[in-house]
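Each chain, letter by letter, is given below.
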Amino acid sequence: MAHLLGKLRSLLSLIVSSFLFLFLALPSVVSLSTVSISLTAHQTLICALIKTPGQNLSLNCTSFPAGIQIPVNPDAPFAGIAGGDGFLCGLKGSFVSPTSVLVCWRFSAVNGTDISHNRVYKGRAVTELDSGDAHVCGLANGTGRLECWQWRRFNRNRAAAPNDWSSVAVGRDYACGLNNEKGKVACIGDNAPVRPNGRFKAVAAGSRHACAISWNNELECWGDGAAEIKPPGGYFVSVALGENRSCALRLDNRVVCWGQDDFRLPEHLGDAEFVAIEAKRRVFCGVLASDYSLLCWGNQHFDSRPGLKVFDNVLPGPCRSQCNCGILPYSGKLCGGQENVCRPCSPFLPYTPPPSPVEGLHGKLVVFLVVGCVGSASLLSVFGFLLFRYCQGRVCRVHDSGRIEETPNPDQATPPPPEPPQPPPLEKRLSHLVSMDSHLEEFPLQVLARATDGFAEEFKIGTGSFGSVYHASLDDGREVAIKRAETSTAAWSPRLGGGGGGPSLRRQNEDIDRAFLNELESLSRLNHKNLVKLSGFCEDGNELILVYEYMHNGTLHDHLHRIPDSPLNSWPARLRVALDAARGIEYLHVYAIPPVIHRDIKSSNILLDKSWTAKVSDFGLSLMGPDDDESHLSLHAAGTLGYVDPEYYRLQILTSKSDVYSFGVVLLELLSGYRAIHNNENSTPRNVVDFVTPYILQDEIHRVLDRKVLPPNPIEIEAVRYVGYLAADCVSLEGKDRPTITEIVHSLERALAACLARPTLSRSSTGSSTS
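The rules behind the values
Residues numbered from 1 in each chain as written. Predicted model: local features only at pLDDT ≥ 70, side-chain atom pairs only at ≥ 80, totals over all residues. Heavy atoms only, no water. Buried < 20%, exposed > 50% of the residue type's maximum accessible area, 1.4 Å probe, protein only. Helix = DSSP H or I, 4+ residues; strand = E, 2+ residues; numbered from the N terminus. Pairing = 2+ DSSP bridges. Salt bridge = Lys/Arg side-chain N within 4 Å of Asp/Glu carboxyl O. Core = buried A, V, L, I, M, F, W, Y, C linked by side-chain atoms within 4.5 Å. Contact = heavy atoms within 4.5 Å.

**Student:** Provide a residue-level description of the pairing of strand 22 (residues 294-297), including the pertinent values.
**Tutor:** Residues L294 and C296 line one face of strand 22 and the alternating positions L295 and W297 line the opposite face, and both faces are buried. Here strand 21 (residues 283-288) pairs with strand 22 via four bridges, running antiparallel. Bridge assignment links F284 to a residue of strand 22, and that residue is W297. As consecutive antiparallel partners, strand 21 and strand 22 are separated by five residues, and within that stretch Y292 has a phi angle of approximately 60 degrees, a positive value. As paired elements, strand 22 and strand 23 (residues 309-311) share two bridges and run antiparallel to each other. Each bridged residue has a counterpart across the sheet, and for L295 the counterpart in strand 23 is K309.

Written out as structure tokens, the structure is:
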């Protein structure tokens, strides 16, 4: 019996330690953010829940520079907000509502206009909400189940997510969750950083790295760049992560920042005390402890105006009726009623009692009562379990109330539970994407089939990255181009080998699915006058169809190589087309967030509308690229023969300069009239780069200019020669010797102007050199 009592004493000590850990492991950050940061290529949108005189809490937003206007009803209550690249989401309802409605606004990445609004969720109350650069995730009350919106591949990843998360943090393409009871962190996603071992009370996610606060308030970070840029030492209550930069809130309410390029907190904020911080990419914001005003830093809009207050009277966290670790002073004035903003729980933070002694005593009694009851029940349960184990095998049983159940045979293994059915390959993957894109129309198959007479050959106008393209007029009079995936006709298509359905067919169908989703995802989030506009889609059984605006004047390839008397047979017209296409590519490389590498720039993917404006099309091979010209993606080469970057093909290193090479080939086509791959006089295949570039470098471009175009007059010849050198720079063998797409745009603007006036153009001003 003494042995049993010894075990009981040891277990009692363990129980006390466990309860102490559970108390310390209470979340140190609020569950719903009341400040959000949204970004476009040119603007930063800051939103917050604030208290205005004579009004309730309301959502207020302002952009830097001005321009983005979010249409919000000032009387509509919001419990939390989250933002990312080109979007803002708000959780409608109060902090204690049994249900939640999540609404999102999307706005153009070009100038913050073209705002669309969509409801993406209605159901059980969402108690945890966070967003990354492109995704929004939350936890429904009491379920621990992760729900994400605006994440095409989420359903595939969710199978790996635990169902016991109590908080969530979202990065670029991953999400991390924390089980507060166990103190364990888990991460899911295509690029999820390896989760750390240990016990934690809070987790935060940046673009590519994550950090967690341990039970004793120390920081641990992991993921891209975390090893090279270590967090500072000390004790913290919260952390906010951006892109290769981070800030954390210390126990004394001071903020410390660290990161790439020696990122630091601005000097004018060194002595400021904060109660909450938020981050997105390069921008950080904090709520001051003194007056709950909001300050931001991290980019030129804020750092150039130190001390600029974005908002006053910002709610520093969600309002609660009960706070276990004290309240933030004067937060009750912002919440109203009997609610306050809770202080984060920490073993190192002094307890701040509520204003009313009765309320403070009541809160303490509730805490001790709950802990005492749960502890007593746990102790009795443990005692009963040990007594059973002690008596097992001895004569301790006094009474049997019924028969003893048969002991299962240990050799008979319990069959594993059946695997849950996998979600349909496309339907579920489309749902989250489409939910965020209210401008995309889902066309019934019958409508598109009727418009093309059952996809008859007479309506076919070409082929795209994954299928045939048809011209049609819809019932409402719209002229559209309909791209129908080849998988739709796989059962009979001779090109796919009939209806065999073997491995090669399955692989090809998987490639088609990938191209379909890739183009749908790319064009649904891109908006520029020099990119072909996607009107909608159709996904019905085996049918995968994309519907675009119709481009009345066809492809640049046709006008260069098939139409003898084209309106583009003039040098100003050709330079305008080149400039339009370059601006479209510049948008992809520079202004899209994240950047996009097209991978299939060619003359047949440059289309012309009624007004002869050129637009880049066909994003079936496009990829989200690295954020700078120094980084690259390592993968097998893809594209069209004659346009593929030789460095990419040889080294399998893809950068934005790969698109520049392909565009250089298009420029050579525009100048010479030769196809990318054509036959010479002896019917031997020849590359336009190998044939035309030597003449350009010898200053003899006149010998290879397209004869369908009149020879350039004295005003035009300088511009044509200048574009020739630009094209030669673009097709340099090494990417580092090629100009950026922005340099190309500037050069083409000067060249086009030179067709009307004679500017001074020099060989060296194209931005790079082949000498």
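**Student:** Got a sec to walk through the pattern of salt bridges? Specific residues and values, please.
**Tutor:** One pass over the structure, following the stated rule, counts 27 salt bridges. Its salt-bridge partner being R721, residue D699 comes within 3.2 Å of it at the nearest N-O pair. Of this pair, D699 sits in the loop between helix 13 (688-697) and helix 14 (714-730) while R721 sits in helix 14, and the two are 22 residues apart along the sequence. On the basis of relative accessible area, D699 is assigned to the partly exposed category, the value being 41%. With relative accessibility at 29%, the residue R721 sits in the partly exposed group. Each of D85, D133, R172, R208, E243 and R281 takes part in a single network of salt bridges with overlapping partners.

**Student:** Can you tell me about the nonpolar core, naming the residues and giving the values?
**Tutor:** Ranked by internal contacts, the top residues of the largest apolar core, which has 80 residues, are F663, L667, I744 and L748. At 11 residues, the largest contribution of residues to this core is made by helix 10 (residues 571-591). In this view, F663 contacts A578, A581, A582, I585, I601, I744 and L748; residues no more than four positions away in its chain are not counted. With 39 residues, the next largest nonpolar core counts L59, V101, A276 and C285 among its residues.

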